[in-house]
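Observations on the three-dimensional arrangement
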Amino acid sequence: MKRLFILYSLLWITLFAVADEITFEWKGRNKVVQGQQFQLEYVVTGTDKGNVQLPQFKGCAELYRGTSRGTSVNIINGNVTRKVSSSIIVTLRATDEGTHEIEPATLTIDGETYRTKPLALTILKADEQTAEGAGEQRSRTQSAVVSSGNNSETFTRLLLSRTTVYEQEAILATLKVYTLAPQLNFTKVTLPTFEGFAAQELDVPASNQWDIERYNDRNYKTATLRRILLFPQQTGEIKINGGSSEIDVYEVQGVNFFGQAYYDVVSKNIITPSVTVNVKPLPEGKPNNFTGGVGDFKLTGELSTHALKANEALTLTLTISGKGNLQLMQNPLVEFPSEFEAYDPQVNLDIHSGAGGVSGKRIIEYTIIPRYAGTFTIPSIEIAYFDTQSKSYKTMASPEFTVEVSKGDNVEATAVSNFSNQDDVRLLNADIRHIKSSLGHLAHTRTAYVDSWSYWLWYILPVLIVIIYAIASRIYAAKNADIAINRHRKANKVALRRLKQAGIFLKAHNEALFYEEVLRAVWGYLCDKLNMPLSELSRDNVQAELARCGVDQTLIIRFTQILDRCEFARYAPSQADDAMEQLYQETIDAIGEMENIIKSKKK
């Protein structure tokens, strides 16, 4: 009994002895509509004591406030944590349109003060009921909207951070959906095309939620579907086709007896308007050491050692850091002393992509081996780039490096400056020997070789080789003369190679790259096998061409379903691994069945 009492006492003391770090923060929305009621919650974690002072809520009328407290205890592997929290919930009504700066709230405990982050509250103008019909009529004139029914206007926009840029300058493209409907589901998506750009997709936060945005004098619910960084690879006006989407929209049809709304599902096709980007060429007068960098960079250099023996390796590391197209830059030309043997550089990228562009480091490592002893200098490495802020070319340079190379243990390494000793010259390298000064033992032998078979073979063999090479070249040229036939013949091999890469992404559970690689494999296979140009490659054309080739309707539907599932996976929640494996196997089976049909028709 005594032991049990001691055990409970220790547990009780532990529960109340363990305290969390004190935090103070606000939770809620920072964007509301004028006249709307909303709540802000000020949460204190780690204590239930202290004095909380709330700020004045500019632009809002406070309706009422309430408090709550809670305690939670977790025991994991014998570790006990006790979490105490309290919160003040304030209910407000937005009154004044505009952006209002709400001061931080303060928490005072034992003379120490904690503050929340300030709140920038945006109050949007309320929609005018009398102008609702005019707003709907105005929205229908836009090519982005196809709507019907009550309060179900839905459209998508492709927003660019800038529309006039220099070549290789980063652009953030954001695909957003705007809707007045209470709920919608995407069923089929044709993504925008970014021809003329190097595109790098950014992750959309998993916590991405509906927001409110005012557009064309109307408040819409908005959500981000896709974020892509674009690097223009050509100059002039480049048109980005926005793509299209098929969605199911839930439209309110009325209210039942219990006051609950009931809906009807309506299918709609939404076309995203195209956007044009004006890409300016980089100014004339590019320096000779320009490596294609566009942005703001710094260069540092470092040698692994400044003193070593001949035939030992050292590493020269160049680090280009900053903001810009780090992954698209070329490596600089480094002039090493002729006595050094240099290997191809190894490039490592440590970059971070976000709404502000790409920033990070490009680390270039050169492995070099001095072959001879002496004192050598690696001259300063200069790299030019285009600075988008000053709109001019700038040059960054590394320091000059001096390397002391002593004679190595290997007998082949020797001082470059001393050639007076024959032994040194003889050992300079394995393929250099001193000229012999003695006559040696020489003998002259007469042989009659004209009548031997080897003499005539040296005449006949080259002729035979030339003839065989000419025949093989003509056969190979005839076989590959027709590009379309060549693509048709290799379509299956190319598709299987891409599917093999998709299998690697499947094992790595990389869902986005898996669906992208399967989509490329299927589209590429159909394009090559049907001899269709890329400009005519569409779902309807592929279905018509497959039917013309005698492919049964079941197989056509299978290909269409595979394409739909891959495209929809970009916006659907994460798929299970078994669903990805099933799609992977269905794709292989469909391509194999297509190959069998084509082979049977040739027979």
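Each value, and the rule that gives it
Residues numbered from 1 in each chain as written. Predicted model: local features only at pLDDT ≥ 70, side-chain atom pairs only at ≥ 80, totals over all residues. Heavy atoms only, no water. Helix = DSSP H or I, 4+ residues; strand = E, 2+ residues; numbered from the N terminus. Buried < 20%, exposed > 50% of the residue type's maximum accessible area, 1.4 Å probe, protein only. Contact = heavy atoms within 4.5 Å. Phe/Tyr/Trp six-rings, centres within 6.5 Å; stacked < 30°, edge-to-face > 60°. Lys NZ or Arg CZ within 6 Å of the ring centre and 35° of its normal. Axes fitted to C-alpha atoms, helices over the stretch in contact; angles between N-to-C directions. Parallel < 35°, antiparallel > 145°, perpendicular 65-115°, else oblique. Left-handed = near helix turned anticlockwise from the far one by under 90°. Nonpolar A, V, L, I, M, F, W, Y, C, P; charged D, E, K, R; others polar. Pairing = 2+ DSSP bridges. Patch = residues over 30% accessible without salt bridge, like charges linked within 9 Å, V, L, I, M, F, W, Y side chains within 5 Å. Areas by Shrake-Rupley, 256 points an atom, 1.4 Å probe, with all protein chains shown as cover. Salt bridge = Lys/Arg side-chain N within 4 Å of Asp/Glu carboxyl O. Core = buried A, V, L, I, M, F, W, Y, C linked by side-chain atoms within 4.5 Å.

Overview of the overall build of the protein chain
When helices and strands are tallied, the protein chain shows nine helices and 31 strands. Sorting the 603 residues of the protein chain into buried and exposed places 36% on the buried side. Across the protein chain, the fraction of contacts at a sequence separation of at least 24, relative to all contacts at a separation of at least 6, is 70%.

Some words on the environment of Pro55
In this fold, Pro55 is placed in the loop between β4 (51-53) and β5 (60-76). A relative accessible area of 14% places Pro55 in the buried class. Distance from Pro55 to Ala105, taken between C-alpha atoms, is 5.6 Å for residues 50 residues apart in sequence.

Details of the packing of aromatic side chains
One pass over the structure, following the stated rule, counts 14 aromatic pairs. Within the aromatic cluster, the residues linked to one another by ring pairs are Phe155, Tyr178, Tyr215 and Tyr220. The ring of Trp210 carries Lys221 above its face, with NZ or CZ at 5.2 Å from the centroid. For Lys280, the ring lying beneath its charged end belongs to Tyr166, and the centroid distance is 4.3 Å.

Things to note about the packing of helix α7 (residues 539-548) against helix α8 (residues 553-568)
The contact between α7 and α8 brings their axes to 10 Å, and the two run at 160°. One way to sum up the angle between α7 and α8 is to call them roughly antiparallel. Remark: the crossing between α7 and α8 carries right-handed chirality. On α8, the residues that touch Arg539, Gln543, Leu546 and Ala547 of α7 are Ile556, Phe559, Thr560, Leu563, Asp564 and Glu567. Broken down by class, the residue content of the contact of α7 with α8 amounts to five nonpolar, two polar and three charged.

Some words on the pairing of strand β24 (residues 314-324)
Two strands pair when backbone bridges link them, and strand β22 (residues 290-303) and β24 are joined in this way by nine bridges, in the antiparallel orientation. The residue of β24 that forms the bridge with Thr300 is Thr319. Relative to strand β27 (residues 357-370), β24 is paired through 10 bridges, and the arrangement is antiparallel. Directly across from Gly322, in β27, lies its bridge partner Gly360.

Quick word on a nonpolar patch on the surface
Taken together, the side chains of Trp456, Tyr459, Ile460, Leu464 and Ile468 present a nonpolar region at the surface, about 560 Å² in accessible area. Mapped onto the fold, Leu464 is located in helix α4 (residues 453-480). Accessibility expressed as a relative area gives 44% for Leu464, which makes it partly exposed.

Observations concerning the packing of helix α6 (residues 511-529) against α8
Taken N-terminus to C-terminus, the directions of α6 and α8 make an angle of 145°; their axes are 9 Å apart at the nearest point. When the axes of α6 and α8 are compared, the crossing they make is left-handed. Of α8, the residues touching α6 (which contributes Tyr515, Val518, Leu519, Val522, Trp523, Tyr525 and Leu526) are Phe559, Ile562, Leu563, Arg565, Cys566 and Glu567. Residues of the contact of α6 with α8, tallied by class, amount to 11 nonpolar, no polar and two charged.

Quick word on the environment of Ile556
Turning to its location among the elements, Ile556 is positioned in helix α8. If near-sequence neighbours (up to four positions away) are discounted, Ile556 is found in contact with Gln543, Leu546, Ala547 and Val551.

Some points on the nonpolar core
Membership of the largest hydrophobic core comes to 35 residues, with the highest contact counts inside it found for Phe514, Val518, Tyr525, Leu546, Phe559 and Met594. Mapped onto this core, the elements with two or more residues apiece are α5 (483-507), α6, α7, α8 and α9 (577-602). Broken down by element, the residue count for this core peaks at nine residues, all from α6. Setting aside residues up to four positions removed in sequence, Met594 forms contacts with Tyr525, Lys529, Leu530, Leu546, Val551, Leu555 and Phe559.

Let's talk about the environment of Thr95
Its location among the elements puts Thr95 in the loop between β6 (79-94) and β7 (98-102). With relative accessibility at 27%, the residue Thr95 sits in the partly exposed group. A C-alpha to C-alpha distance of 9.6 Å links Thr95 and Gln37, two positions 58 residues apart in sequence.

Looking at the sheet that holds strand β23 (residues 307-309)
With mixed pairing, the three strands of this open sheet are ordered in space as β23-β31-β28. On the outer flanks of this sheet lie β23 and β28 (374-378), each paired with one strand and no other. If you compare each strand with its neighbour and ignore which way they point, the axes differ by 30° on average.

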